[in-house]
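One-letter residues, chain by chain:
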Amino acid sequence: MRSVDDQLAMVIDAAAAPDPIRVTIADALGLMCAEEVAATRSLPGFSQAAVDGYAVRAVDVGGGVALGSREDPGPVDASLPVVGEVAAGSQKPLRLQPRQAVRVATGAPLPTLADAVLPLEWSDRGCKRVSALRSVSTGDFVRREGADIQPGDVAVSAGAVLGPAQIGLLAATGRDKVLVYPRPRVAVMAYGLELVEIGRDPGLGQVYDVTSYALAAAAREAGADVQRVGIINAEPRRLKETIANQVARSELLVIAGAVGGSGADAVQEVLGGLGEIDVTRVAMHPGSVQGFGLVGEDRVPVFLLPSNPVSALVIFETIVRPAIRQSLGKRTPARRAVHARSLGPIQSIPGRRGFIRARLMRDAETGDYLVQGLGGPGGGPAHLLAGFADANAMIEIPEEVTDIRPGDVVDVVFLQQRS
């Protein structure tokens, strides 16, 4: 029986990131940047007003000392003539003379010699003449040229995940396209003579194809570009044709129902003719029996999973998801893990690593993590999908541990975050 770590290492070693492609920044959200983007201009590109108000010289309105405060050096004439107005987007340069003010809008270029902006709220809002109610210091309410980024600065580093702020920085540097690692194309299919598509009434001995829907959703949540193929035809020629077509157009294949039972032999035989497939037992529960291989000229990774949706989802979380994250170029393909105190007893199968669906929470007073097992030995039937739907985490129990008592500290892996 192969260990979980050995199986995962084999899979990660085979997971290759697709070649980088150039996409528009509007399509780059969530992808990993494959290049270093340096700024070619300052950000902001000019000194500008940060608020609506009056561009002034700070020395003319108190010089940075609050009027009427104990530190006030003496009487200050804080009334200035308003000699002009500058709107955001104005390309008409203005020059401020000593003891003058210019009305400015947020984002407007600062007149020459102005070193501060007096906010409207700190003035009497005069039109021809303005009186300051409070003083400002040099640099107050001004966005200085290059304060955010200077020419030559790295705006976005290679390896950075492109979130809203990074997309904004790319736009600010004038980049409309960026080199990224694309989402791996993942094909998800199901095999089984008992399966029927949703929308049909299952007859005696038939069940809906649940697992391919669940796995397709899991792959999409992991960041992949997913094609749910659905139920594949059992006729040998059609079966081989379908699998070969998906191998040619995908970076990764997931086939549910391809391990366990005599029906799975047909899938494994077709895959064996296209490459190398290894079906084995992995020291974990649920989901011990699983397969992995590399098929086609491009040696596309293929995962063979059980038909049971819970077992398939556990294997996906443990083995398949890290491969997808690795293909995306993520430095840490595993989900976040924390230590938590168990609220109840849990039993695990000796010699196998247990993955128990769980509800993770925090103690309101101490902030400690607490966890309640929802499935598996000691936590309810392992095959029930409803327990997975209620879970926001999985407890990971080492192979040598068989009993968890209330209060014991366990390792817990986060699942998809829910609001």
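Nothing here was measured: the structure is a model prediction, and the numbers come from that model. (Residues numbered from 1 in each chain as written. Predicted model: local features only at pLDDT ≥ 70, side-chain atom pairs only at ≥ 80, totals over all residues. Heavy atoms only, no water.)

Q: It is not clear to me how the overall build of the protein should be interpreted in this structure. Could you clarify?
A: For the protein, the count of helices and strands is seven helices and 28 strands. C-alpha atoms of the protein, sized along the principal axes, occupy 95 × 50 × 40 Å. Every one of the 419 residues in the protein was classed for burial, and the buried ones make up 45%. Carbon and sulfur atoms make up 50% of the accessible area of the protein, which totals about 20300 Å². If the 42 positive side-chain charges of the protein are averaged to one point and the 47 negative ones to another, these points end up 6 Å apart. (Helix = DSSP H or I, 4+ residues; strand = E, 2+ residues; numbered from the N terminus. Buried < 20%, exposed > 50% of the residue type's maximum accessible area, 1.4 Å probe, protein only. Areas by Shrake-Rupley, 256 points an atom, 1.4 Å probe, with all protein chains shown as cover. Lys, Arg positive; Asp, Glu negative; His and termini not counted. Charge placed at Lys NZ, Arg CZ, Asp CG, Glu CD.)

Q: Quick question: what am I supposed to make of the packing of aromatic side chains here?
A: The description of an aromatic ring pair uses the distance of the two centres, along with the angle that the planes make with each other. Using the criterion set out here, one finds three aromatic pairs in the structure. With centroids separated by 5.0 Å and ring planes inclined at 50 degrees, the aromatic side chains of F292 and F303 adopt a geometry described as tilted. Of the two residues, F292 sits in strand β20 (residues 289-295) while F303 sits in strand β21 (residues 300-305), which places them 11 residues apart along the sequence. The exposure classification of F292 matches that of F303, with both residues buried. (Phe/Tyr/Trp six-rings, centres within 6.5 Å; stacked < 30°, edge-to-face > 60°.)

Q: Sorry if this is basic, but what is going on with unusual backbone geometry here?
A: Most peptide bonds are trans, and most residues other than glycine sit at a negative phi. A cis amide bond, omega -10 degrees, links L43 with the succeeding residue P44. Residue placement: P44 occurs in the loop between β3 (37-38) and β4 (48-49). P286 follows H285 through a cis peptide bond whose omega is -10 degrees. In this model, R99 sits at a positive phi of 60 degrees, which is unusual for a non-glycine residue.

Q: Just to check I follow, could you spell out the domain arrangement of the protein for this structure?
A: One widely used convention gives an interface's size as the accessible area the parts lose upon coming together. In terms of domain boundaries, the protein breaks down into domain 1 (4-18 + 183-328), domain 2 (24-43 + 148-181), domain 3 (48-143) and domain 4 (337-414). For domain 2 versus domain 3, the separation of C-alpha centres amounts to 35 Å. (Domains from an automatic or database assignment.)

Q: Any chance you could explain helix α4 (residues 236-249) here in plain terms?
A: Note: α-helices contain 3.6 residues per turn, so residues at a spacing of three or four share the same orientation. Over its 14 residues, α4 extends 20 Å from the first C-alpha to the last, a length consistent with the 20 Å expected when each residue adds 1.5 Å. Among the residues of α4, L239, T242, I243, Q246 and V247 are the ones counted as buried. Within α4, the buried residues cover an arc of 130 degrees as seen down the axis, which keeps them to one side. Of the residues in α4, the exposed ones pointing more than 90 degrees away from the buried face are R237 and A248. Residues of α4 that are buried in the fold lie against β13 (185-190), β16 (225-231), β17 (252-256), α5 (264-274), β20 and β21. (Expected span 1.5 Å × (residues − 1). Arc of directions from axis to C-beta. Contact = heavy atoms within 4.5 Å.)

Q: Explain the environment of D201 here, please?
A: Among the structural elements, D201 can be located in the loop between β14 (195-196) and β15 (207-208). Along the sequence, D201 and A101 sit 100 residues apart, while their C-alpha atoms lie 78 Å from each other. Not counting residues up to four positions away in its chain, the partners in contact with D201 are Q206 and Y208.

Q: Explain the sheet that holds strand β5 (residues 53-56) to me, please; I cannot follow it from the model alone.
A: Strands sit in the order β8-β5-β7-β6-β9 across an open sheet of five strands; the sheet is mixed. A single partner strand is all that each edge strand has here, and the edge strands are β8 (116-119) and β9 (129-131). Each strand of the sheet is rotated relative to its neighbour by a mean of 45 degrees, with strand direction disregarded. The pairing of β5 with β8 spans four bridges and is antiparallel. (Pairing = 2+ DSSP bridges. Axes fitted to C-alpha atoms, helices over the stretch in contact; angles between N-to-C directions.)

Q: Where do I start with the packing of α4 against α5 in this structure?
A: The description of two packed helices rests on the angle between their axes and on the distance between the axes. One can describe the packing of α4 onto α5 by two numbers: an axis separation of 10 Å at closest approach and a directional angle of 55 degrees. Relative to α5, α4 is oriented oblique. Like other packed secondary-structure pairs, α4 and α5 cross with a definite hand, here right-handed. Along its contact with α4, which presents L239, K240, I243 and A244, the element α5 presents A266, V267, V270, L271 and L274. Across the contact of α4 with α5, the residue classes break down as eight nonpolar, no polar and one charged. (Parallel < 35°, antiparallel > 145°, perpendicular 65-115°, else oblique. Left-handed = near helix turned anticlockwise from the far one by under 90°. Nonpolar A, V, L, I, M, F, W, Y, C, P; charged D, E, K, R; others polar.)

Q: I keep staring at the nonpolar core and nothing clicks. Help me out?
A: Nonpolar side chains tend to gather and get buried jointly when the protein is soluble and globular. In this structure, V186, L215, L252, V254, F303 and I324 are the most contacted members of the largest nonpolar core, which totals 36 residues. The greatest single-element share of this core, amounting to 10 residues, is contributed by helix α6 (residues 309-327). For F303, the contacting residues outside a window of four places in its chain are V11, L252, L253, V254, I255, G291, F292, I319, V320 and A323. Of all hydrophobic cores here, the second largest spans 18 residues; its members include I232, I243, V267 and L271. (Core = buried A, V, L, I, M, F, W, Y, C linked by side-chain atoms within 4.5 Å.)

Q: Would you take a moment to explain the pattern of salt bridges for this structure?
A: A side chain with one charge may pair with a side chain of the opposite charge, provided their charged atoms come close. Under the definition given, this model contains 14 salt bridges. The shortest N-O distance in the salt bridge between E35 and R22 comes to 3.1 Å. Of this pair, E35 sits in the loop between β2 (32-33) and β3 while R22 sits in strand β1 (residues 21-24), and the two are 13 residues apart along the sequence. For E35, a relative accessible area of 16% puts it in the buried group. Linking E399 and R353 is a salt bridge whose minimum nitrogen-to-oxygen distance equals 3.1 Å. Of the two residues, E399 sits in the loop between β26 (393-397) and β27 (403-404) while R353 sits in strand β24 (residues 353-362), which places them 46 residues apart along the sequence. A residue is classified by how much of its surface remains accessible, and R353, at 12% relative accessible area, is buried. Among the ionic contacts, a cluster of salt bridges with common partners joins D5, R353, E396 and E399. (Salt bridge = Lys/Arg side-chain N within 4 Å of Asp/Glu carboxyl O.)

Q: Sorry if this is basic, but what is going on with the environment of V104 here?
A: Here V104 shows up in strand β7 (residues 101-104). Taking relative accessible area as the criterion, V104 reaches 2% and is therefore assigned buried. Sequence spacing of V104 and D60 is 44 residues, and the spatial spacing of their C-alpha atoms is 17 Å. If we ignore the near neighbours within four places in the chain, the residues touching V104 are A49, V51, D52, G53, Y54, A55, V86, P111 and V117.

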